[in-house]
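Residue strings, one per chain:
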Amino acid sequence: MTGKKRIVVGMSGGVDSSVTAWLLKQQGHEVIGVFMQNWEDDNDDEYCSIKQDALDAMSVADIVGIDMEIVNFAKEYKDRVFSYFLKEYSAGRTPNPDVLCNAEIKFKAFLDYALELGADCIATGHYARKLERDGVHYLLKGVDHSKDQSYFLYRLQQHQLSKALFPLGDIHKTEVRRLAEEAGLPTATKKDSTGICFIGERPFREFLQRYLPTKPGEMITPDGKVVGKHVGLMFYTLGQRKGLNIGGNKDGNGEPWFVAGKDIPGNKLIVVQGHDHPLLLKSTLAMDDLSWTLPQPPAAGDYAAKNRYRMADAPCSLSPIVDGRATLTFRDKQWAVTPGQSAVLYDGDICLGGGIIQ
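What comes next is a walk through the structure. Model, not experiment: these values are computed from the prediction.

## Brief notes about the nonpolar core
So, step 1. The biggest cluster of nonpolar side chains holds 85 residues, and the ones touching the most others in it are Val19 and Phe166.
So, step 2. Apart from the residues lying within four places of it in its own chain, the contact partners of Val19 are Leu168, Val176, Leu179, Ala180 and Leu185.
So, step 3. Core analysis: the second largest hydrophobic core is formed by 22 residues, Tyr138, Trp292, Leu294 and Ala326 among them.

Below is the structure:
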């Protein structure tokens, strides 16, 4: 970046956004911090850390020497993210709210707000990089591949990328912690958040029951044998092993049980034994609701893809895109491909975009 810019930083109260603000201030930019409050339903319960996060963000802003605002996007979050989240779960799929949070809140509602403040761009603490070449903005993986978050940013469009900065993209997490400590930031040793985007860490089953009716049913094997009871299809995801409570089933073969499918009309959960059961392995996946980071969709051909965040890139081929749908065919079978999750396509370090697994 050349010249002094007015940059609005999304500050979450965590170490990554804290160091982001500190780095940009050190570089001489005019930095404004914004803490997004996007959840209000149970702000006071024991699992919600919004107040503490806001206090931490304010403490960091004070040390860094920048102004900070608290902005409420709760309505936008409920309308654009949480309603989709509930709709997907009620349909038996497993959505990824972080993906939608980035596309609809951090790089839409927040971006619009920052531009109203006269910002040249916004910055976040994501571990990703951006490259501009001939007027095209490329989204790249972060240098620290163990923390790379390009997967969660795949729905960003060119106009959003053009206004986005990722100052941590070239830094490893250990270095971020060291910089925070060096700068005397109170978030230097703060634990990373792993909860639902903007809602926090809480018992998931109990939380979901507040919003969706539960409908218990049978757990069955692929040949229809009843081996247990489920508490509601929405509480289970493909590949799940914990919480099935059928480990000692007398009809079993001693291997652990896994969720392999859902019979939505029949309200039955299909379970199998063995991590590598054939029903858990797929060579292809179909995806729709496609979104691409570059001006033109990728051509059919060979790429790599992730069908969940914590997995290595898997070589695959992309079919021609027809009517907003595409198919990925993998060289090696993929484990527990889950409807509702995102399949994200890469060409080397370039994140091309992707879609929702059907």
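## So, the pairing of strand E15 (residues 326-335)
Residues in a regular strand point their side chains to alternate faces of the sheet.
So, step 1. Inspection of the sheet shows strand E12 (residues 281-292) paired to E15 by six bridges, in the antiparallel sense. By the bridge assignment for E15, Lys282 is matched with Gln334.
So, step 2. Here strand E14 (residues 314-318) pairs with E15 via three bridges, running antiparallel. The residue of E15 that forms the bridge with Ser317 is Thr329.

## Quick notes on the sheet that holds strand E8 (residues 217-220)
So, step 1. Across the sheet, four strands lie side by side as E9-E8-E11-E10; this open sheet has mixed pairing. Whereas interior strands pair on both sides, the edge strands pair on one side only; in this sheet they are strand E9 (226-230) and strand E10 (257-263). Each adjacent strand pair in this sheet contributes to an overall mean axis angle of 35°, direction not counted.
So, step 2. The pairing of E8 with strand E11 (residues 268-273) spans three bridges and is classified as parallel. Paired with Met219 across the bridge in E11 is Leu269.

## Here's the deal with the environment of Gln358
So, step 1. If you trace the backbone, Gln358 turns up in the segment after strand E17 (350-357).
So, step 2. For the pair Gln358 and Asp289, spaced 69 residues apart in sequence, the C-alpha to C-alpha distance is 9.6 Å.
So, step 3. Within polar-contact distance, the side chain of Gln358 engages the side chain of Asp288 at 2.7 Å.

## Digging into the side chain of Arg129
So, step 1. Turning to its location among the elements, Arg129 is positioned in strand E5 (residues 128-133).
So, step 2. There is a polar contact of 2.6 Å between the side chain of Arg129 and the backbone oxygen of Lys141.
So, step 3. Here the side chain of Arg129 touches Asp349 through a polar contact of 3.0 Å, side chain to side chain.
So, step 4. With residues near it in sequence (within four places) discarded, Arg129 still touches Tyr138, Leu139, Leu140, Lys141, Gly142, Val143, Phe166, Gly169, Asp170 and Asp349.

## Notes on a nonpolar patch on the surface
So, step 1. On the surface, Leu55, Met58 and Ile70 cluster together into a nonpolar patch covering about 270 Å² of accessible area.
So, step 2. Within the element layout of this structure, Leu55 appears in helix H2 (residues 50-64).
So, step 3. A relative accessible area of 46% means that Leu55 is categorised as partly exposed.

## Some details on helix H6 (residues 173-182)
So, step 1. Restricting attention to buried positions, one finds in H6 the residues Lys173, Val176, Leu179 and Ala180. Looking down the long axis of H6, one finds its buried residues gathered within 115° of arc, a one-sided arrangement. The exposed residues of H6 that point more than 90 degrees off its buried face are Thr174, Glu181 and Glu182.
So, step 2. Packed against the buried residues of H6 are helix H1 (15-26).
So, step 3. Taken from the residues just after H6, Gly184 is the one with a positive phi, measuring 75°.

## Some points on unusual backbone geometry
So, step 1. Phi is positive for Asn245, which is not a glycine, with a value near 55°.
So, step 2. Tracing the backbone through its elements, the reader meets Asn245 in the loop between E9 and E10.
So, step 3. With a phi close to 55°, Asn267 is a non-glycine residue in the positive phi region.

What counts and how
Residues numbered from 1 in each chain as written. Predicted model: local features only at pLDDT ≥ 70, side-chain atom pairs only at ≥ 80, totals over all residues. Heavy atoms only, no water. Core = buried A, V, L, I, M, F, W, Y, C linked by side-chain atoms within 4.5 Å. Buried < 20%, exposed > 50% of the residue type's maximum accessible area, 1.4 Å probe, protein only. Contact = heavy atoms within 4.5 Å. Pairing = 2+ DSSP bridges. Helix = DSSP H or I, 4+ residues; strand = E, 2+ residues; numbered from the N terminus. Axes fitted to C-alpha atoms, helices over the stretch in contact; angles between N-to-C directions. Polar contact = N/O pair within 3.5 Å; in protein donor to acceptor, adjacent residues only side chain to side chain. Patch = residues over 30% accessible without salt bridge, like charges linked within 9 Å, V, L, I, M, F, W, Y side chains within 5 Å. Areas by Shrake-Rupley, 256 points an atom, 1.4 Å probe, with all protein chains shown as cover. Salt bridge = Lys/Arg side-chain N within 4 Å of Asp/Glu carboxyl O. Arc of directions from axis to C-beta.

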